[in-house]
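# A look at the structure
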Amino acid sequence: MIGICWAIALPACLALGAGLGTGYAVYRTSTGLPDFEQLTELPTGTTVRFLATDGTVLHSTGPAYGEWIEYQHIPLEMRQAIIAVEDHRYRAHQGVDPLAIARAVHFAWQNRGTGRRMQGASTITQQVARTLFLTRSYDFRRKIDEMIVALAMEQVLSKEQILELYLNRVYFGGGAYGIDAASRRYYGHPATELSIEEAALLAGLPKAPSSYAPTADQEAALGRMNVVLERMRETGQAPDAPSEPDAPAFATAKGSSLRTSSRHFTDWLEDQMEELVPERFGRIDVHTTLNPDMQRSALDAVTEQAPDGAQTALVSMDESGAIRAMIGGLDYATSTYNRVTQSKRQPGSSFKLFVYLSALEAGYRPDSAVYDGPVNIRGWSPHNSSGRYSGMLPMRKAFAWSLNTVAARLGQDVGMTKITGMAHRLGISTPLSATPSLVLGTSDVRLLDMTRAYASVASLGRTVVPYGIERIERDGVTIYDHDPGEPQQLVSAANAADMVTMMRGTVEFGTGRAADIGRPAAGKTGTTNSNKDGWFIGFSSGLVTGVWVGRDDARPIPGLQGGRAPARAFSQFMRQAVANRPAVVTLTPLPKPKRAAPNPAMKTQLPDAPAVTTRAPDIIVPTMPAAPAVQPPPPPQEQRNAGRSRAIRPDN
């Protein structure tokens, strides 16, 4: 009899002790839990988001959290869906569901020896406990801790508060934590606008986000959505849930294209973040200058105009230096190399900008008479691509037609030191070889630097510093604001205006006619030897755009010229980019041409070439060339060449 009593009493005592111990553990845990407000503000790790001008997320690092949505603003369909599929007895238990545990134990017994885990036992409260307070390791001790914390949470928090924590903290795949981040990631709108189909799809993700996320497998995601809708009907959460639902409209296709094409841009910005934000914590939002519509137009333009086997780069900035579009290559997934900021290539005739600006500073004017004919400079004899010469002509036409012999003579007249100084003054950061051939662009430069230099001309000679970050916020507080500083005058406004006038000729009747955009525009073509590089850089309506086309291995591309694929890409992009801007070549009005005081002519005799007059009468006549300055006639052979060259074929 005594043995029977002990057999009954001992288990009862053990159960009582276990119950008291569990109760005490739950009580102690509940007294140490943070209050609800503190739980909503728990650190979420460091997240860095790069945002376009319209708020679109271009790229993010770290966990992505959306806006915190309070319980009463969470769509009813979302609450119903998550309860139906994750914990349909959520309103009935106290944090731990004995029936769910029994089902899980039964499942484990049936699948013993297979290595499959016990599953289906965790309630929503237990998942919140694990997410906020515990590790994700899978062992018996962690499971006991999870149950104790869940029971404790139910003592101090309401069901509504626990569900609010769950839906704002759980991982939904694709780097998105919480329903708002997930909704924006997959559908392109906030979670407060979720439909029942969209809510059902999201509710199905926490079970296996890497498998069911639409970014991983849309078919699997839609199949899981149907399972959730069926559970909503079965559990009574939403008896009228559609049995033949419409598929949600995913935002992944449009967003993916923008995010991928802008990765060269965000990589460039990440290099600057170390200096701007040395200490990273909290949610950091980097508000960039990138315009999503312009970025898409840029991608379309370079993709459609690139020759077979070629790479293409494009950068477009306001006259202020704010970068609105950047394509560092045709496909970031296959090449992270940024051909806008990293690649150094020969610019060809686009480098003549610095030659002609130096000539303007030396006293030349757009209608100054210059000579196009054979020239020999210490054994170097450049030719025009047409093989023909025009003799005497105004400098503006020599620039528009990109005549190489004229650039060579100007280089000798103004001096290579002044030309390299001009290039570095306007932002060229690479070394330049001060040899005579530099005037034809034989030293390597970066597309970003070249476009910056053209932007300085477009802003009538003022400093332009390219930038991509407008401001940076940490947890909603601004910690950095772009300060452009006071611009410096690098070249006189009058000389810059003369340069703009000549560059307009390139587009209107010169080598860049393919760059026409149906409104005033200015620019310059560039082509290197053997058609290895093609360039077009130009501007209109306050937007400056540079395009480069070539191969990374520097192999020739048949038919490549700056006035072809690069100019066409420029035209296609700019027609859309400036459609809603003023139809002017520069935002700053060009100064009126002025008659300068006459200067005595300075002459330089070159081998096998006529004397070159560096200063002609400073009378600017926009439509008709001024009378050429008096100068010695060219040698007879050059006269004959000039006489056979009435029609000048542009040198691209």
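Residues numbered from 1 in each chain as written. Predicted model: local features only at pLDDT ≥ 70, side-chain atom pairs only at ≥ 80, totals over all residues. Heavy atoms only, no water.

### Details of the overall build of the protein
Counting secondary structure elements, the protein contains 22 helices and 16 strands. The buried share of the protein, reckoned over its 652 residues, is 53%. Within the protein, residue pairs in contact and separated by at least 24 positions form 71% of the contacts whose partners lie at least 6 positions apart. Working note: accessible area of the protein is about 28,800 Å², and carbon and sulfur atoms make up 52% of it. (Helix = DSSP H or I, 4+ residues; strand = E, 2+ residues; numbered from the N terminus. Buried < 20%, exposed > 50% of the residue type's maximum accessible area, 1.4 Å probe, protein only. Contact = heavy atoms within 4.5 Å. Areas by Shrake-Rupley, 256 points an atom, 1.4 Å probe, with all protein chains shown as cover.)

### Notes on the pattern of salt bridges
Inspection of every chain in the model, using the stated rule, returns 25 salt bridges. Ionic pairing is found between Asp-533 and Arg-345, a salt bridge with its closest N-O pair at 2.9 Å. A residue pair is termed long-range when its members are at least 10 positions apart, and Asp-533 in strand 13 (residues 533-540) and Arg-345 in the loop between strand 7 (323-327) and helix 15 (352-361) qualify at 188 residues. For Asp-533, a relative accessible area of 5% translates into the label buried. Via salt bridges that share partners, Arg-49, Glu-67, Arg-283 and Asp-285 belong to a single interconnected network. (Salt bridge = Lys/Arg side-chain N within 4 Å of Asp/Glu carboxyl O.)

### Structural notes on the pairing of strand 2 (residues 57-61)
Note: strand 1 (residues 47-51) against strand 2, four bridges, orientation antiparallel. By the bridge assignment, Leu-51 is partnered in strand 2 with Val-57. Hairpin connection, strand 1 to strand 2: the antiparallel pair is bridged by five residues, and Gly-55 has positive phi, about 90°. (Pairing = 2+ DSSP bridges.)

### Section: the sheet that holds strand 12 (residues 522-527)
The pairing of strands in a sheet comes from backbone hydrogen bonds and takes either a parallel or an antiparallel form. With antiparallel pairing, the five strands of this open sheet are ordered in space as 7-6-14-13-12. Here the strands that pair on one side only, and so sit at the sheet edges, are strand 7 and strand 12. On average, adjacent strands in this sheet sit at an angle of 5° to one another, irrespective of strand direction. As paired elements, strand 12 and strand 13 share six bridges and run antiparallel to each other. Pairing of Lys-524 across the sheet is with Ile-537, part of strand 13. Where helix 14 (residues 292-305) meets the sheet, its contacts fall on strand 6 (311-318), strand 7 and strand 14 (543-550), and the angle it forms with strand 7 comes to roughly 35°. (Axes fitted to C-alpha atoms, helices over the stretch in contact; angles between N-to-C directions.)

### Focus: the sheet that holds strand 11 (residues 477-481)
If you trace the five strands from one edge of the open sheet to the other, you get 2-1-5-10-11, paired in mixed fashion. Sheet topology places strand 2 and strand 11 at the edges, where each strand pairs with a single neighbour. Averaged over all pairs of adjacent strands, the angle between their axes in this sheet comes to 20°, without regard to strand direction.

### Notes on unusual backbone geometry
Positive phi outside glycine occurs at Asp-475, with the angle close to 50°. Relative to the elements of secondary structure, Asp-475 occurs in the loop between strand 10 (469-474) and strand 11. Given the relative accessible area of 52%, Asp-475 is considered exposed. One non-glycine residue with positive phi stands out, namely Ser-541, at about 55°. By secondary structure assignment, the location of Ser-541 is in the loop between strand 13 and strand 14.

### Quick word on the confidence of the model for the protein
In this model, the protein carries a mean pLDDT of 84, and residues with pLDDT of at least 70 account for 81%. The model gives residues 595-652 a pLDDT under 50, and that stretch makes 122 contacts with residues more than four places away or in other chains. (pLDDT = per-residue confidence, 0-100.)

### Describing the nonpolar core
Counting 78 residues, the largest nonpolar core has Phe-354, Tyr-356 and Met-499 as its most contacted members. Here this core gets eight residues from one element, more than from any other, and that element is helix 19 (residues 447-458). Leave out the neighbours within four places in its chain, and Met-499 touches Leu-353, Tyr-356, Leu-357, Leu-360, Phe-399 and Val-457. One finds Val-85, Leu-167, Ile-179 and Ala-199 within the second-largest nonpolar core, a separate group that totals 52 residues. (Core = buried A, V, L, I, M, F, W, Y, C linked by side-chain atoms within 4.5 Å.)

### Some points on the pairing of strand 1
Burial analysis of strand 1 places five of its five residues in the buried class, which makes it a mostly covered element. Of the two faces of strand 1, the one lined by Thr-47, Arg-49 and Leu-51 and the one lined by Val-48 and Phe-50 are each fully buried. For strand 1 and strand 5 (residues 283-288), the ladder comprises five bridges, and the chain directions are parallel. Bridge pairing in strand 5 links Thr-47 to Arg-283.

### What to know about the packing of aromatic side chains
Using the criterion set out here, one finds eight aromatic pairs in the structure. Clustering of aromatic rings is evident, with ring pairs tying together Tyr-65, Tyr-171 and Tyr-177. Over the ring of Phe-281 we find Arg-474; its NZ or CZ atom is 4.0 Å from the centre of that ring. (Phe/Tyr/Trp six-rings, centres within 6.5 Å; stacked < 30°, edge-to-face > 60°. Lys NZ or Arg CZ within 6 Å of the ring centre and 35° of its normal.)

### Observations regarding the packing of helix 14 against helix 21 (residues 565-577)
The N-to-C vectors of helix 14 and helix 21 enclose an angle of 155°; their axes lie 9 Å apart at closest approach. By the angle class used here, helix 14 and helix 21 are roughly antiparallel. Our pair here, helix 14 against helix 21, has a crossing hand that is right-handed. Residue-level contacts link Met-294, Ser-297, Ala-298, Asp-300, Ala-301, Glu-304 and Gln-305 of helix 14 to Ala-565, Arg-568, Ala-569, Gln-572, Phe-573, Gln-576 and Ala-577 of helix 21. Classifying every residue of the contact of helix 14 with helix 21 gives seven nonpolar, four polar and three charged. (Parallel < 35°, antiparallel > 145°, perpendicular 65-115°, else oblique. Left-handed = near helix turned anticlockwise from the far one by under 90°. Nonpolar A, V, L, I, M, F, W, Y, C, P; charged D, E, K, R; others polar.)

### Regarding helix 7 (residues 159-169)
Buried residues dominate helix 7, accounting for nine of its 11 residues. The set of residues buried in helix 7 consists of Lys-159, Ile-162, Leu-163, Glu-164, Leu-165, Tyr-166, Leu-167, Asn-168 and Arg-169.

### Some points on the environment of Lys-207
Counting through the fold element by element, Lys-207 comes out in the loop between helix 9 (196-203) and helix 10 (209-212). When the C-alpha positions of Lys-207 and Val-85 are compared, they lie 9.4 Å apart, and in sequence the two are 122 residues distant.

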